[in-house]
Amino acid sequence: DVKVTQSSRYLVKRTGEKVFLECVQDMDHENMFWYRQDPGLGLRLIYFSYDVKMKEKGDIPEGYSVSREKKERFSLILESASTNQTSMYLCASSLSEGRSSQPQHFGDGTRLSIL
Amino acid sequence: DAKTTQPPSMDCAEGRAANLPCNHSTISGNEYVYWYRQIHSQGPQYIIHGLKNNETNEMASLIITEDRKSSTLILPHATLRDTAVYYCIVKWAAGNKLTFGGGTRVLVKP
């Protein structure tokens, strides 16, 4: 089975802090994604990466950055946390889209609260 | 990506089959139908996907109409652990992001 592991289930940080969210997948997937999920707004894509050291902006990249130094690990960074970044953060991974229609597989999420 | 329409909620008796409908009348020829579910406070779980043929795996079956404008997810023997929000998504194979709509909130009752 595909395993996508997010480093924390719950996290509480203060406004202005730099926050790191880590995600690791064990299935040698090329693609990795960071989403946030908010009530009434559904799932929104922040960033994605289709290879090591490669990254692409999603729909809401402002206030975030990412790092992918190794194939299995994709980190989301909140440069200076703000209260409007309180949310559920979800990491996903998938095989390359070149290999047919591979689905994305998700971790259990990190519920981040910014005080 | 094409828009999907699902009923907001449905109940199902434990041990019975649950049939979850989804309309996607604007689907294009290269778009796949994906189903995910999300149990409260967990990440979305992939269930199944298909293009035009019916598909079955250990979790569920996916029935896609011949004109591809609608589909049905079938959970053959619903258990209490199947209580979740189920999302039907239509996406290009080459597309990068998943877009979840409102989904169907399924409650499996004893």
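Scroll up to find the structure.
Residues numbered from 1 in each chain as written. Chains lettered and ligands numbered in written order. Predicted model: local features only at pLDDT ≥ 70, side-chain atom pairs only at ≥ 80, totals over all residues. Heavy atoms only, no water.

Q: Which residues make up the packing of aromatic side chains, and what are the values?
A: What the rule picks out here adds up to 10 aromatic pairs over all chains. Between A:Phe33 and A:Tyr35 the ring centres are 6.2 Å apart and the planes differ by 25 degrees, which places this aromatic pair in the stacked class. In terms of burial, A:Phe33 and A:Tyr35 fall into one category: buried. Chaining the aromatic ring pairs together yields one cluster made of A:Phe33, A:Tyr35, A:Phe48, A:Phe106, B:Tyr36, B:Tyr46, B:Tyr87 and B:Phe100. (Phe/Tyr/Trp six-rings, centres within 6.5 Å; stacked < 30°, edge-to-face > 60°. Buried < 20%, exposed > 50% of the residue type's maximum accessible area, 1.4 Å probe, protein only.)

Q: Could you give an account of the pairing of strand β4 (residues 45-50) of chain B, with specific residues and numbers?
A: Residue and element names in this part refer to chain B. A large share of β4 lies buried, amounting to 5 of its 6 residues. One ladder, built from 5 bridges, connects strand β3 (residues 31-38) with β4; its direction is antiparallel. Bridged to Trp35 within β4 is Ile48. (Helix = DSSP H or I, 4+ residues; strand = E, 2+ residues; numbered from the N terminus. Pairing = 2+ DSSP bridges.)

Q: Lay out the sheet that holds strand β6 (residues 61-64) of chain B in plain terms, naming residues and giving numbers.
A: Residue and element names in this part refer to chain B. The 4 strands are arranged β2-β7-β6-β5 in an open sheet whose pairing can be described as antiparallel. Of all the strands in the sheet, just β2 (18-23) and β5 (55-56) have a single pairing partner and so form its edges. In the sheet, β5 pairs with β6 via 2 bridges, with the strands oriented antiparallel. Residue pairing across strands places Thr56 opposite Ser61, the latter belonging to β6.

Q: Outline the interface of chain A and chain B, supporting the account with residue identities and numerical values.
A: Each partner contributes to the interface: chain A provides 22 residues, whereas chain B provides 19 residues. Between chain A and chain B, the buried area comes to about 1,600 Å², and carbon and sulfur atoms account for 50% of it. Between chain A and chain B we count 1 salt bridge in total. Between chain A and chain B we count 6 residue pairs in polar contact (both at pLDDT 80 or more) in total. Looking at the side of chain A that touches chain B, the elements that each hand over two or more residues are β4 (31-38), β5 (42-49), β9 (87-94) and β10 (105-106) of chain A. Class assignment for the residues of the side of chain A that touches chain B results in 9 nonpolar, 8 polar and 5 charged. (Contact = heavy atoms within 4.5 Å. Buried area = accessible area lost by both parts, 1.4 Å probe. Salt bridge = Lys/Arg side-chain N within 4 Å of Asp/Glu carboxyl O. Polar contact = N/O pair within 3.5 Å; in protein donor to acceptor, adjacent residues only side chain to side chain. Nonpolar A, V, L, I, M, F, W, Y, C, P; charged D, E, K, R; others polar.)

Q: Describe in detail the pairing of strand β7 (residues 64-70) of chain A, supporting the description with residues and values.
A: Residues and elements named next belong to chain A. Direction of pairing for β7 relative to strand β8 (residues 73-78): antiparallel, over a ladder of 5 bridges. Counterpart to Ser67 in the pairing with β8 is Ser75. Linking β7 back to β8 in an antiparallel pair, the connection comprises 2 residues.

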